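# Understanding the architecture of this molecule
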Amino acid sequence: NAGVTQTPKFRILKIGQSMTLQCTQDMNHNYMYWYRQDPGMGLKLIYYSVGAGITDKGEVPNGYNVSRSTTEDFPLRLELAAPSQTSVYFCASRDNEQFFGPGTRLTVL
Amino acid sequence: GQQLNQSPQSMFIQEGEDVSMNCTSSSIFNTWLWYKQDPGEGPVLLIALYKAGELTSNGRLTAQFGITRKDSFLNISASIPSDVGIYFCAGQLTGTYKYIFGTGTRLKVLA
């Protein structure tokens, strides 16, 4: 199993640009999560999904959108990038325990 | 938003020493998780706890789920240089699918 994979690893955006962060898991987990981690801080939940077709907001959803058309994929969309969205983004999936991807480091200039 | 209070924020210890860190919250959790994060990597699960009072070990690591379900601690015995990293606790809120993370304990081990 590859586990949880994320692409890209790094990205630089200009203010106002849009992009999609990809997340895929091959463990057939129903639950998937998106977090952001700011420097020196813990992880904050952006959105989560309990299964295909079902998504819900976490602590910090503003400026993001998600979709869950399949069990495997849970992409995170930024429509109008802002400097405040500069962060490291982690995707995770779980059965009993939560497993993380390697992260996407995003800089918005 | 909700937050777990994790302490200490950072620790500098000598190789071979034992380490203890803890997390407390005003909320009740039904699961506690402890993770380690190395620079540039995602968090890696160390120990999972599922019921109040549970004490679980993973090698030199031991963690406990507090009786009140509002706290947890992690101990590392006989620390080694590769224990360096940031340790996070995370709690699953009762009745939800959400996890709340602590702010992390940054551990440095001096050889």
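Heads up: the structure comes first, above all this text.
An account of the accompanying structure is given in this report.

Conventions used here
- Residues numbered from 1 in each chain as written.
- Chains lettered and ligands numbered in written order.
- Predicted model: local features only at pLDDT ≥ 70, side-chain atom pairs only at ≥ 80, totals over all residues.
- Heavy atoms only, no water.
- Pairing = 2+ DSSP bridges.
- Helix = DSSP H or I, 4+ residues; strand = E, 2+ residues; numbered from the N terminus.
- Axes fitted to C-alpha atoms, helices over the stretch in contact; angles between N-to-C directions.
- Salt bridge = Lys/Arg side-chain N within 4 Å of Asp/Glu carboxyl O.
- Buried < 20%, exposed > 50% of the residue type's maximum accessible area, 1.4 Å probe, protein only.
- Contact = heavy atoms within 4.5 Å.
- Buried area = accessible area lost by both parts, 1.4 Å probe.
- Polar contact = N/O pair within 3.5 Å; in protein donor to acceptor, adjacent residues only side chain to side chain.

### Some details on the sheet that holds strand E8 (residues 71–76) of chain B
Hydrogen bonds between backbone atoms are what pair the strands of a sheet, whose relative direction is either parallel or antiparallel. All names here are of chain B. What the five strands build is an open sheet, ordered E1-E3-E8-E7-E6; its pairing is antiparallel. Strands at the two margins of the open sheet, each flanked by one partner only, are strand E1 (5–7) and strand E6 (55–58). The average angle at which neighbouring strand axes cross in this sheet is 15°, direction not considered. Pairing between strand E7 (residues 61–65) and E8: five bridges, direction antiparallel. Its bridge partner being in E8, threonine 62 is matched across the sheet by asparagine 75.

### Focus on the pattern of salt bridges
Going through the model one piece at a time under the given rule, you end up with four salt bridges over all chains. For Arg36(A), the salt bridge goes to Asp38(A), with nearest N and O atoms at 2.9 Å. Residue Asp38(A) is classed as partly exposed on the basis of its relative accessible area, which comes to 27%. The salt bridge involving Arg60(B) is made with Asp83(B); its shortest N-O contact spans 2.8 Å. With Arg60(B) in the loop between E6 and E7 and Asp83(B) in the loop between E8 and strand E9 (85–93), this pair connects stretches of sequence that are 23 residues apart. Take Asp83(B): its relative accessible area is 6%, and that puts it in the buried class.

### Section: the interface of chain A and chain B
Residue-level contacts link 22 residues of chain A with 22 residues of chain B. When chain A packs against chain B, close to 1,700 Å² is buried across both sides, 56% of that on carbon and sulfur atoms. Across the contact surface, chain A and chain B share zero salt bridges. Run the count over chain A and chain B and you get five residue pairs in polar contact (both at pLDDT 80 or more).

### With respect to the sheet that holds strand E1 (residues 4–7) of chain A
Residue and element names in this part refer to chain A. The strand order E1-E3-E8-E7 describes an open sheet built from four strands, whose pairing is antiparallel. In the strand order of this sheet, the two ends are held by E1 and strand E7 (64–66), each with one partner. Averaged over all adjacent pairs, the angle separating strand axes in this sheet is 20°, with direction ignored. Bridge analysis of E7 against strand E8 (residues 76–78) gives three bridges, and the strand direction is antiparallel. Within E8, the residue paired with valine 66 across the bridge is leucine 76.

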